[in-house]
Amino acid sequence: MTDLAVELDLPSAGPDEPNAIRIDSPLDGGLVGRVAKASRQDVTDAVAAARAARVAWAGTPAAERGAALRSAAAAIRDRADDLARVNEAETGRPAEDAKEGVLAGAGTLEQYAELGPVHRGRSLLGDPGATDLMVPEPRGVAVVLTPWNDPVAVACGLVGAALATGNTVVHKPSERCPHTGLLLGELITPYLPEGVLTCLAGDGEVGAWLAGSEGVDLIAHVGSTEAGRAIAGAAARTGAKVLLENGGNDPLLVDGDVDPAWAAEQAATGAFANSGQICVAVERVYVHRAIAEPFVDALTGEAERLGLLPLVDLPHRDKVHGQVADAVAAGARLCAGGVVPEGPGARYPATVLADCAPDLAIMREETFGPVAPVCVVDDFDQGLRMACADRYGLAATVLTRSMEHAQRAWRALPVGTVKVNAVFGGAPGGAAQPRGASGQGFGYGPELLDEMTTTKVVHVEPAP
């Protein structure tokens, strides 16, 4: 990767840099690169530059802001292969899959380039001799803190919506993929005035400095629940608006009237896609006793077919395996995977655990890895009760042939997104609000533009 960093002209820090972020390959353990961590002064300067640029950017016609985003999207498409290669080097996500995320990010910038200029307020019916308006305005300086598991797509969504509505942005990508984030910033910033977008490399400390800055008006964060709560606490002191999409513990409820082989395919897709490193991955499975045995057998076969999958780094693999080992020690039955492979890198096998008690940590906490823990239930109602009993509220999936069961489930599940008979999918533009420990605020779609703006009421009438 050192040669790739030179080839792509990526920022790098020398071996003597005391505050460098070191990235080792999750595939073979070799050095990927070193990036200088932003200092406290860098954070102060970036926020000051964003504040200095905010008035002019807010006053730029929305169509011109949209044109800048379209140009940035074109630049990202031109360098999609490079972004995907760097993403793979840093996180282990296969370049082919990573490129899908890159192209999705470019598409999101194009979407907000179109939606920004048509984001409108309201006129009010007051005195006929006066004019009354509700006008959306940018909030000001937005701090965007993004994760490593889909770094380009997530960043483009939040950064794109903020820029389209006239906010200036300071973006900190995850410390697990700083090269990817900095390269993305280099592709977008040439189309923007100075100070409108700054990208800083850094860890949680840098994120905390940004979240606690007095000059910040909005903080958008996608990441862990623990970090989200710390950000919310910092924002409570500064008054910044907070958007949080945090951890999830998404249930999959499998009714007794569905084909167990098909249900196992759905479960495998939900639990093992991107090595389970997706915020809306299937994290716990409740299967009706009537089909439990063939379902677990088929799911085991799916896991064995996939074999070893790449995780982002060794500490994360240790966390995933720790949950698996604790579950087995507590009585769960290991059907597939669950063994740390020898050799370099951070791979882990697709894993199936059966006979999981509902109070196990692997059923109560987000694993964020390729693990499908299965709990057998006596009937649909018992499974629905267990699926609802959780502190997280991101998403849930229900597999059933019963319309009555589907209706009851989607109304009862205390989550932002419910999917019936498909673990992934949905119409473009859908936007949900996570609940509970999973966060707050719209994170996608046209509604995100509303989150990025604040409303001013204006009353105008003639002077006498």
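Residues numbered from 1 in each chain as written. Predicted model: local features only at pLDDT ≥ 70, side-chain atom pairs only at ≥ 80, totals over all residues. Heavy atoms only, no water.

Visitor: Which residues make up helix α2 (residues 40-58), and what are the values?
Guide: In this model α2 runs 27 Å from its N-terminal to its C-terminal C-alpha over 19 residues, within 8% of the 27 Å that 1.5 Å per residue would give. Taken residue by residue, α2 has V43, A46, V47, A50, A53 and W57 as its buried positions. Buried residues belonging to α2 abut α3 (62-78), β5 (141-145), α6 (151-164), β6 (168-172), β7 (197-199) and α8 (204-211). (Helix = DSSP H or I, 4+ residues; strand = E, 2+ residues; numbered from the N terminus. Expected span 1.5 Å × (residues − 1). Buried < 20%, exposed > 50% of the residue type's maximum accessible area, 1.4 Å probe, protein only. Contact = heavy atoms within 4.5 Å.)

Visitor: Go over the pattern of salt bridges, please, and point to the residues and values.
Guide: Within this structure, the stated rule accounts for 21 salt bridges. Where E110 meets R77, a salt bridge forms, and the shortest distance between an N and an O atom there is 2.9 Å. Of this pair, E110 sits in helix α5 (residues 95-118) while R77 sits in helix α3, and the two are 33 residues apart along the sequence. Residue class for E110 comes out partly exposed when judged on its relative accessible area of 28%. Close ionic contact of R176 with D313 constitutes a salt bridge, the shortest N to O distance being 2.7 Å. Within this pair, whereas R176 is found in the loop between β6 and α7 (178-188), its partner D313 is found in the loop between β12 (308-310) and α12 (314-329), the two being separated by 137 residues in sequence. (Salt bridge = Lys/Arg side-chain N within 4 Å of Asp/Glu carboxyl O.)

Visitor: Any details on the packing of α2 against α8? Residues and values, ideally.
Guide: Between α2 and α8, whose axes approach to 10 Å, the crossing angle comes to 40°. By the angle class used here, α2 and α8 are oblique. By crossing handedness, the relation of α2 to α8 is classed as right-handed. Two secondary-structure elements touch here, α2 through R40, V43 and V47 and α8 through V206, W209 and L210. (Axes fitted to C-alpha atoms, helices over the stretch in contact; angles between N-to-C directions. Parallel < 35°, antiparallel > 145°, perpendicular 65-115°, else oblique. Left-handed = near helix turned anticlockwise from the far one by under 90°.)

Visitor: Which residues make up the sheet that holds β5, and what values go with them?
Guide: Ordered in space as β7-β6-β5-β8-β9-β21, the 6 strands form an open sheet in which the pairing is mixed. A single partner strand is all that each edge strand has here, and the edge strands are β7 and β21 (439-440). In terms of strand pairing, β6 meets β7 through 3 bridges, oriented parallel. Note that in β7 the partner of V169 across the bridge is L197. The sheet contacts of α2 involve β5, β6 and β7, and relative to β6 the element is tilted by about 150°. Across the sheet, α6 is in contact with β5, β6, β7 and β8 (218-222); its angle to β6 comes to roughly 165°. (Pairing = 2+ DSSP bridges.)

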